[in-house]
Amino acid sequence: MKREIIIAGFGGQGVLSMGKILAYAGLLQGKEVTWMPAYGPEQRGGTANVTVILSDTRISSPLLQSYDVAIVLNQPSMDKFEPRVKPGGMLIYDSNGMTRKPTRTDINVYRVDATDKAIELNQQKTFNMMVLGGLLHVDPVVEIENVMLGLKKSLPERHHKLLPANEAAMKVGADLIVKEN
Amino acid sequence: MAEEVKLMKGNEAIAHAAIRCGCDGYFGYPITPQSEVMETLMAQKPWETTGMVVLQAESETSSINMVYGGAACGKKVMTSSSSPGVSLMQEGVSYIACAELPCLIVNVMRGGPGLGTIQPSQGDYFQTTKGGGHGDYRLITLSPSTVQEMADFVGLGFDLAFKYQTPSVLLADGVIGQMMEKIVLPDFKPRRTDEEVRKECPWGTMGKNGRKDRNVVTSLALESEVMQETNNRLQAKYKAIEENEVRFEEHNCEDAEYVFVAFGSVARICESAMEILRAEGHKVGVLRPITLWPFPTKEIQRLTKQVKGFMDVELNCGQMVEDVRLAVNGQVPVGFYGRQGGIIPTAEEIAEAFKAQMVK
Amino acid sequence: MTPEEIIKPENLVYGRTKVLTDNIMHYCPGCSHGVIHKLIAEVIEEMGIQDTTVGVSPVGCSVFAYNYLDIDWQEAAHGRACAVATAIKRLNPETNVFTYQGDGDMAAIGTAETIHACNRGENIVIFFVNNAIYGMTGGQMAPTTLIGMKTVTCPYGRNTDLNGFPLVISDILAKLDGTCYVTRQSVHTNAATIKAKKAIRKAFENAQAKKGTSVVEFVSACNTGWKKTPIEANAWMEEHMFPKYPLGDIKDTVKGSQLSDEEKNAKY
């Protein structure tokens, strides 16, 4: 098994931390993992992206030209990464603020309208967990229980009260995601 | 101690490894993309556990001179920075090399010249391996390509520095500094007691403490004959390092007709390029120098007899390729592909560049 | 009486401290360095700290200070003595650490290292020899060179349009919260020498008591660089240097004493 994933969006959407949670869950399942951010000032409000690779075997390059899965959370990310999904791969997007729908027909396109849902539920901080829940619903690359274990291990004790809300958000995302083609 | 697998950035791994290998002091100044080293150390507060000193200096000039002061006591001290900051340190590095002091200098390279970019680069190969400061000196240069090696090379760098009484450099690119990977941290090694430091480094300047003769650490020798002797001693030491400490890693070189030569993160991308090219029927291998100085010259000379050519790939305009060409000495073609400004080539791009240059 | 009859322990009224080595000093006759070295050596002996003291020598005339005091020494790069001393003291809190610097080392090329060591309140001692000229390199202008004073790089006298103003660095350092003791001394008369020695001792004691950084400036003569006889140089120093660099304590307190407890323990 090898899954090459790009998560891209605006800084502040929790793109990097979503990637980290995914990588941590992979680690707990005994997989090889890499987490490689595009770092710099773009973390503060511009576009941010992170490449996460989960694999049963040693990972060579941590940076990729094309991906099995692209999760795009804003228009610039859609424009940049839709063409770079491998044929037969998967594109997941949030339609909030998007001016153009994905056009490729040789990939599986999913929509997860997590932004609107998070606002509706007044749960903006768990937005990225809704997206992650959506991903894991259509591509269960790691077990939910490992995601929760990873969260528990990586969050400081004082934030553990937020764990149930995060788990609930993943369930919301799983119900929310729809296939578009 | 049970091995616990953790997920962390290369920069964080350096900080944890420093605490665990019994480091006595870290002195640094923030600069992207390596600020997590000091940030992690400050968050860990090792002065409360191991007694390690962590100090934010006013500049890289000051940091490296603090390293000089600590190293001259025989203490295990280090600094970390990124390219422009390391340029500022070069005066101190030359003094430390001449005074024959052990220390560890971490450079998580970003793109230059000038203020450049904060994105990854390998543009400081020349500066590090050829001696960025004045005078004839060399620096043991370790190049990690995984987060695990970021941690492992902290201990190794110190071991080599103390073995040869010379500075070691951990020369990483921004990719390895910022990337998170699985890592098993090295076991805890206690800091040496002052008595142990005095025994290991009888030249150290922690006060005479009953010693008959005073210790003086200096790099000054105004008499020409004395300075000549200093140079002879340094060169003899460098020769011993060249003979004993070359480290490299090879993938599929046994039957290779062509060999990629690359270090750091690029070596990993070349491995992916190798897989692409092997699938297309090209017999390609990868040679990754782990020590950039001493350079694996002999290994390249050995492979020269076997291969049709070498392909050097770097995140710069062509620096290590000069050492590859010196080793090959014109016997087979040596191609080069480099990207700058923080652009990381993909495996596909490297494979194409290889075919364009090497397979006619 | 023969010399043999005179040289007896019971007749000894003054001896050279054992902290000074037997090396013959390279300083010019009339230079203040030799006297200052001797005073520091005597204080080290009197305080019984020869085994625990580490000196940091500069680049300048006193680059070879390590040849003259029988203690551990580090020779720092030009201007970096305070950074070097910071690390020695932080890593070995039980040692007594001092820097010995001239005006170029401490107040030109090393201004940043000096100010920041003082600002951190490092428990070290800075000995600063100010003779308003670069002696070792052949008499060039120093940051402390007086207005109108001639050197080989201001041969028509220091001109404020061209060269700016004399840097009164000790006054600046006294303003920093990290310094506890800043004093300006000289060694050109017996009385001044006695006072200077007391200041040296006090500085070492401050560092031991973790009071902060102590700075002892010695306004000094460089008769060679000034192109005068030693006696002329001392007279010139009194007439011209002392008005700009007046002798006496500038500050005597404990680091951070200007701040209230509330300010010192602020949390945001």
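Residues numbered from 1 in each chain as written. Chains lettered and ligands numbered in written order. Predicted model: local features only at pLDDT ≥ 70, side-chain atom pairs only at ≥ 80, totals over all residues.

Brief notes about the packing of helix H1 (residues 15-28) of chain A against helix H4 (residues 127-138) of chain A
Residue and element names in this part refer to chain A. The interhelical angle for the contact between H1 and H4, taken along N-to-C directions, is 45 degrees, at an axis separation of 9 Å. By the angle between their axes, H1 is oblique relative to H4. For the pair H1 and H4, the crossing hand works out as right-handed. For the pair H1 and H4, contact is made by Ser17, Met18, Ile21 and Leu22 and by Asn128, Val131 and Leu132, respectively. Partitioned by chemical class, the residues of the contact of H1 with H4 number 5 nonpolar, 2 polar and no charged. (Axes fitted to C-alpha atoms, helices over the stretch in contact; angles between N-to-C directions. Helix = DSSP H or I, 4+ residues; strand = E, 2+ residues; numbered from the N terminus. Parallel < 35°, antiparallel > 145°, perpendicular 65-115°, else oblique. Left-handed = near helix turned anticlockwise from the far one by under 90°. Contact = placed C-beta atoms within 7 Å. Nonpolar A, V, L, I, M, F, W, Y, C, P; charged D, E, K, R; others polar.)

Regarding helix H6 (residues 163-176) of chain A
All names here are of chain A. With 14 residues, H6 extends 20 Å between its outermost C-alpha atoms, agreeing within 8% with the 20 Å of an ideal straight helix rising 1.5 Å per residue. Along H6, the residues classified as buried are Asn166, Ala169, Met170, Val172 and Gly173. Along the long axis of H6, the arc covered by the buried residues comes to 160 degrees, so they all point the same way. Looking at the packing, one finds that the buried side of H6 touches helix H3 (114-120), H4 and helix H5 (144-154). (Expected span 1.5 Å × (residues − 1). Buried ≥ 20, exposed ≤ 12 C-beta atoms within 10 Å, placed from the backbone. Arc of directions from axis to C-beta.)

Re the packing of helix H2 (residues 33-47) of chain C against helix H8 (residues 190-208) of chain C
All names here are of chain C. Relative to each other, H2 and H8 sit at 50 degrees, their axes nearing to 9 Å. Considering the angle they form, H2 stands oblique to H8. Between H2 and H8 the crossing geometry is right-handed. Contacts between H2 and H8 pair Val35, Leu39, Ile40, Glu42, Val43 and Met47 from the former with Thr193, Ala196, Lys197, Ile200, Arg201 and Phe204 from the latter.

Notes on the sheet that holds strand E3 (residues 96-102) of chain C
The sheet built from 8 strands is open, its strands ordered E9(B)-E2(C)-E1(C)-E3(C)-E4(C)-E8(C)-E7(C)-E9(C) with mixed pairing. Across the chains shown, the open sheet's two edge strands, defined by having one partner strand only, are strand E9 (216-217) of chain B together with strand E9 (248-252) of chain C. Direction of pairing for strand E7 (residues 179-185) of chain C relative to strand E8 (residues 213-219) of chain C: parallel, over a ladder of 6 bridges. By the bridge assignment for E8 of chain C, tyrosine 181 of chain C is matched with serine 214 of chain C. The strands that helix H3 (residues 81-91) of chain C touches are strand E1 (53-57), strand E2 (72-75), E3 and strand E4 (125-130) of chain C; relative to E3 of chain C, the one it contacts most, it runs at about 175 degrees. (Pairing = 2+ DSSP bridges.)

What about the sheet that holds strand E7 (residues 167-173) of chain B?
Residue and element names in this part refer to chain B. If you walk across this open sheet you meet the 7 strands as E3-E2-E4-E5-E7-E6-E13, and the pairing is mixed. Across the chains shown, the open sheet's two edge strands, defined by having one partner strand only, are strand E3 (53-56) and strand E13 (291-293). Each adjacent strand pair in this sheet contributes to an overall mean axis angle of 20 degrees, direction not counted. On the sheet, helix H7 (residues 147-164) packs against strand E5 (103-109), strand E6 (140-142) and E7 and is oriented at approximately 160 degrees with respect to E7.

As for the confidence of the model for chain C
The predicted model of chain C averages 96 in pLDDT, with 100% of residues at 70 or higher. Two numbers describe this predicted complex: its pTM, 0.95, and its ipTM, 0.94. (pLDDT = per-residue confidence, 0-100.)

Regarding the interface of chain B and chain C
By a widespread convention, an interface's size corresponds to the accessible area lost as its parts come together. Contacts between the two partners involve 33 residues from chain B, matched on the other side by 29 residues from chain C. Of all elements in the fold, only strand E2 (25-28), E3, helix H3 (60-71), helix H5 (90-98) and E9 of chain B reach the threshold of two or more residues within the side of chain B that touches chain C. Here the side of chain B that touches chain C takes 6 residues from H3 of chain B, the largest share from any one element. Looking at the side of chain B that touches chain C residue by residue, the classes come out as 13 nonpolar, 14 polar and 6 charged.

Regarding the environment of cysteine 317 of chain B
All names here are of chain B. Here cysteine 317 lies in the loop between strand E14 (309-314) and helix H13 (320-328). The sequence separation of cysteine 317 and phenylalanine 336 amounts to 19 residues, and the corresponding C-alpha distance is 8.9 Å. Beyond its immediate stretch of four places on either side in the chain, cysteine 317 contacts Gly338 and Gln340.

Details of the arrangement of the chains
If you rank the 2 pairs of chains in contact by how many contacts each has, first place goes to chains B and C. Chain A shows no contact with chain C. Their nearest C-alpha atoms sit 19 Å apart.

Details of H5 of chain B
Residue and element names in this part refer to chain B. By the criterion of burial, H5 is predominantly enclosed, with 7 of the 9 residues buried. Listed as buried for H5 are Gly92, Val93, Ser94, Tyr95, Ile96, Ala97 and Cys98. Looking at the buried residues of H5, the elements they touch are H3, E5, E7 and helix H10 (224-244).

Overview of the interface of chain B and chain A
Opposite the 20 residues of chain B that make contact, chain A presents 18 residues. Going through the elements one at a time, strand E1 (5-9), helix H8 (174-178), strand E8 (180-184), helix H11 (264-279) and helix H14 (347-358) of chain B are the ones with two or more residues in the side of chain B that touches chain A. Ranked by the residues each element gives to the side of chain B that touches chain A, the list is headed by H11 of chain B, at 5 residues. Tallied by class, the residues present in the side of chain B that touches chain A amount to 10 nonpolar, 5 polar and 5 charged. When strand E2 (residues 32-37) of chain A meets E8 of chain B, the two strands line up antiparallel, connected through 2 bridges.

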